[in-house]
Amino acid sequence: MKDTQLYEQLLGLTKPWSVERVELALDQGTVRVFVRCDRGTVWGDPEAPGQRAHVHGWVRREWRHLDTCQLETRIEAEVPRVKYASGRVEEVAVPWAERYSRITRLMEGFVIQLLVAASNVKRVASLLRLDWHTVNTVIERAVERGMMRRAEEPVTYAGLDEKSFARHHNYASVLTDIGRSRVLDVVRGRSLEDAQQLLGTLTPKQRQGVRAVAVDMWPGYMSAIRNMLSQADIVHDKFHVSKYLNDAVDKVRRAEHKKLRAQGESPLKGTKYDWLKRIDDKRSAEAVAFRHLYQANFKTSRAWTLKESFAAFWDYRYKKSAENYFDAWTQRTMRSRLEPMKDVAKMLRRHRHGLLNYTTHRITNAAAEGFNSVIQTIKSNARGFRSFENFRTRILFFCGKLDLRPVSVGSH
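Residues numbered from 1 in each chain as written. Predicted model: local features only at pLDDT ≥ 70, side-chain atom pairs only at ≥ 80, totals over all residues. Heavy atoms only, no water.

This part is about the overall build of the protein. A count of helical and extended segments in the protein gives 16 helices and 11 strands. Summarising its shape, the C-alpha atoms of the protein cover approximately 90 × 50 × 35 Å along the three principal directions. Counting every position in the protein, which comprises 412 residues, the buried fraction comes to 48%. Taking contacts inside the protein between residues at least 6 apart in sequence as the whole, the part at least 24 apart equals 57%. Roughly 22200 Å² of accessible area belongs to the protein as shown, and the carbon and sulfur atoms make up 50% of that amount. Averaging the coordinates of the 71 positive side-chain charges in the protein and doing the same for the 48 negative ones gives two points 6 Å apart. (Helix = DSSP H or I, 4+ residues; strand = E, 2+ residues; numbered from the N terminus. Buried < 20%, exposed > 50% of the residue type's maximum accessible area, 1.4 Å probe, protein only. Contact = heavy atoms within 4.5 Å. Areas by Shrake-Rupley, 256 points an atom, 1.4 Å probe, with all protein chains shown as cover. Lys, Arg positive; Asp, Glu negative; His and termini not counted. Charge placed at Lys NZ, Arg CZ, Asp CG, Glu CD.)

A few words on helix H5 (residues 192-199). Those residues of H5 that fall on the buried side of the exposure criterion are Asp194, Ala195, Leu198 and Leu199. Taken end-on, H5 shows its buried residues confined to a sector of 130°, consistent with a single buried face. (Arc of directions from axis to C-beta.)

Glancing now at the pairing of strand E11 (residues 233-236). Bridge count for strand E10 (residues 212-215) against E11 is 4 bridges, and the pairing is parallel. Looking at the pairing, Ala214 lines up with Val235 of E11. Considered for its hand, the β-α-β crossover made up of E10, helix H7 (residues 219-228) and E11 is right-handed. (Pairing = 2+ DSSP bridges. Right-handed = clockwise from strand over helix to strand, strands pointing away.)

On to the side chain of His65, then. In this fold, His65 is placed in strand E4 (residues 52-68). His65 gets classed as buried once you look at its relative accessible area, which sits at 5%. A polar side-chain atom of His65 sits 2.8 Å from a polar atom in the side chain of Thr104. With near-sequence residues (within four places) excluded, His65 lies in contact with Leu11, Thr73, Ile75, Thr104, Leu106 and Met107. (Polar contact = N/O pair within 3.5 Å; in protein donor to acceptor, adjacent residues only side chain to side chain.)

It is worth spelling out the nonpolar core at this point. Of all hydrophobic cores here, the largest spans 39 residues; its most connected members are Val241, Phe310, Phe313, Trp329, Met341, Leu348 and Leu355. In terms of residue count, the dominant contributor to this core is helix H8 (residues 238-263) (6 residues). With 34 residues, the next largest nonpolar core counts Met107, Val138, Phe398 and Cys399 among its residues. (Core = buried A, V, L, I, M, F, W, Y, C linked by side-chain atoms within 4.5 Å.)

Moving on, we come to the environment of Trp96. When you line up the elements, Trp96 lands in the loop between strand E6 (89-91) and helix H2 (105-118). Note: C-alpha distance between Trp96 and Leu13 (83 residues apart in sequence) is 7.8 Å. Those residues in contact with Trp96 that lie beyond four places of it in its chain are Leu11, Leu13, Trp17, Val35, Trp63, Ile75, Ala77, Thr104 and Arg105.

Turning our attention to the pairing of E4. One ladder, built from 2 bridges, connects strand E3 (residues 43-44) with E4; its direction is antiparallel. Each bridged residue has a counterpart across the sheet, and for Trp43 the counterpart in E4 is Ala53. Inspection of the sheet shows E4 paired to strand E5 (residues 71-83) by 12 bridges, in the antiparallel sense. Directly across from Arg60, in E5, lies its bridge partner Glu78. Here E4 hands over to E5 after 2 residues, with Cys69 in that stretch at a positive phi of 50°.

On the surface, Lys259, Lys299, Arg302 and Arg337 cluster together to form a positively charged patch. Take Lys259: it is sitting in helix H8. (Patch = residues over 30% accessible without salt bridge, like charges linked within 9 Å, V, L, I, M, F, W, Y side chains within 5 Å. Salt bridge = Lys/Arg side-chain N within 4 Å of Asp/Glu carboxyl O.)

Counting across every chain of the model gives 15 aromatic pairs. An angle of 75° between the planes, with centres 5.1 Å apart, marks the rings of Phe313 and Trp314 as edge-to-face. Seen in terms of ring centroids, Trp314 and Tyr358 are 5.1 Å apart; in terms of plane orientation they differ by 90°. Their pairing is edge-to-face. With Trp314 in the loop between helix H10 (299-310) and helix H11 (319-334) and Tyr358 in helix H14 (residues 358-361), this pair connects stretches of sequence that are 44 residues apart. Taking the relative accessible area as the measure of exposure, Trp314 reaches 8% and is therefore buried. Note on Tyr358: relative accessible area 7%, which makes it buried. Its end group placed over the ring of Phe34, Arg21 keeps NZ or CZ at 3.8 Å from the ring centre. Over the face of the ring belonging to Trp58 we find Arg39, whose NZ or CZ atom lies 3.9 Å from the ring centre. (Phe/Tyr/Trp six-rings, centres within 6.5 Å; stacked < 30°, edge-to-face > 60°. Lys NZ or Arg CZ within 6 Å of the ring centre and 35° of its normal.)

One can find Thr364 in the loop between H14 and helix H15 (366-381). A distance of 3.1 Å separates a polar side-chain atom of Thr364 from the backbone nitrogen of Ala366. Excluding anything up to four places from it in sequence, Thr364 contacts Ile178, Ala214, Asp237, Lys238, Phe239 and Tyr358.

One can describe the packing of H8 onto H10 by two numbers: an axis separation of 8 Å at closest approach and a directional angle of 175°. Of the possible angle classes, the one that applies to H8 and H10 is roughly antiparallel. Between H8 and H10, the residues in contact are Val241, Leu245, Asn246, Val249, Val252, Arg253 and Glu256 and Lys299, Thr300, Ala303, Trp304, Lys307 and Phe310, respectively. Residues belonging to the contact of H8 with H10 are distributed by class as follows: 7 nonpolar, 2 polar and 4 charged. (Axes fitted to C-alpha atoms, helices over the stretch in contact; angles between N-to-C directions. Parallel < 35°, antiparallel > 145°, perpendicular 65-115°, else oblique. Nonpolar A, V, L, I, M, F, W, Y, C, P; charged D, E, K, R; others polar.)

Another aspect to go through is the pattern of salt bridges. Taken as a whole and assessed by the stated rule, the structure comprises 37 salt bridges. Here the salt bridges do not stand alone but share partners, grouping Arg32, Arg39, Arg60, Glu62, Arg64, Asp67, Glu72, Arg74, Glu76, Glu78 and Arg129 into one network.

Written out as C-alpha cells, the structure reads:
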C-alpha cells in the first residue's frame, strides 16, 4: 500500500479529498501529509436547498495530527471558502477536523483522554508538544459540545453551593444534580440574582420536577429557591452544619486556651485538630490520648460533647422524633453557658424547618463536597484563575459528566 493510500484511510478521506503526497523529514522528526481538494467540486448551499455555493477563494490550513511512528505529523491542505446566497462566507468543513480547529479529530480526542486522566493542562500540552492555548481551546470546544448534547433529563434532587475561584473573596455558585453526581452549571457570584440565574439554566420542565435542594443557610440561595423552585423543599446540608459546630468548638477552645495560658501553662496548646478530627479506632494510642484530654473537663470538652451529640439528629427518619431530639439538644445547648455553641443553636433554630426536611429527603451536598478536591486540584494546576470562564469550563469538563467526544466524520 502506498503511503498516500495509507493516510487516506487513516484520515477517512473520500472524494473530493485525497492525499497528494507525503513528505518525511527524519532530521526534523516530522511527517507532512499534503491533502488536495478537487477544484471542480460543486458545493451546495445549505441556506438555499438546490442552489450552488460560489467558491470565494482558497485558504491554506495546517492541522496537528497524532504522531506517526513517534514522528510529529501535520496535515496541510488548501480549503475552499464558499459564499452562500445570503452573502455569508465560510470555509468548507474538512472530514478530518472540526471547522476552524487547528488539530485533527483524532488528536483532539486523544487530548481529551489525557486531560481526563491527568487533570493538568500544562502537562498535557508539554507531553504532546502543543501550546497552552491549543489545549485550552480543546477544553472549551469539548464543553460546548457536551452542553449542547446534554438531554433534558429530570433533576429530582439538586444541590446549590459556593466555591471560591480567586483571591479577594471572589465566589462562584455551583448547581449539582445529586442523583447523577454531576455539576450542572456554574455562575459567577453568590447573590440572589446569581443564584436565580443559575437555577434558570434548568428548563421549566426540569425546575418543576425538583423535589428538594440541599443548600447552606445563605439567604440569597434560599430566596432564589423559593422564587424559582416554589414546589421544592429546602434541605440544609449537614456538612455545613458540621462546619458551624466545629468552628464553635474551636472558638471555645481558643478562648479557654487564652485564659489558661494567662494563668500559666495551657494543656490545650496545639490541640486544635484533636477536637475536630474523627478517630475511628477507639483503642488506638491517638484515641487514648484524646480521652485523657477530654476527661480533664474543660469547657472545650463540654462544647465537643454537644457537637458530637448533634450527629445523632441525622439518624432520625421520622420528623416528630427528629423534632423532639432537636428541641432537647438546642435547649441543652442554650443552658451550656458556652456562647459560641449557643450562637449555633440559635442559628439552627431559625432554620429548623430546613433541617427537619432531611428526615424526608435525606440529601446532602456530599457530591459537591467531593468535587472540592477536584476543583482544588484544577485551581492548583492552573495557579489560580484570572478568568471566571476558564474556571467554569474546567469544572464542567472534569465534573459535568459531559459527552466530550469530537463530532464524528459522518455528521459533516
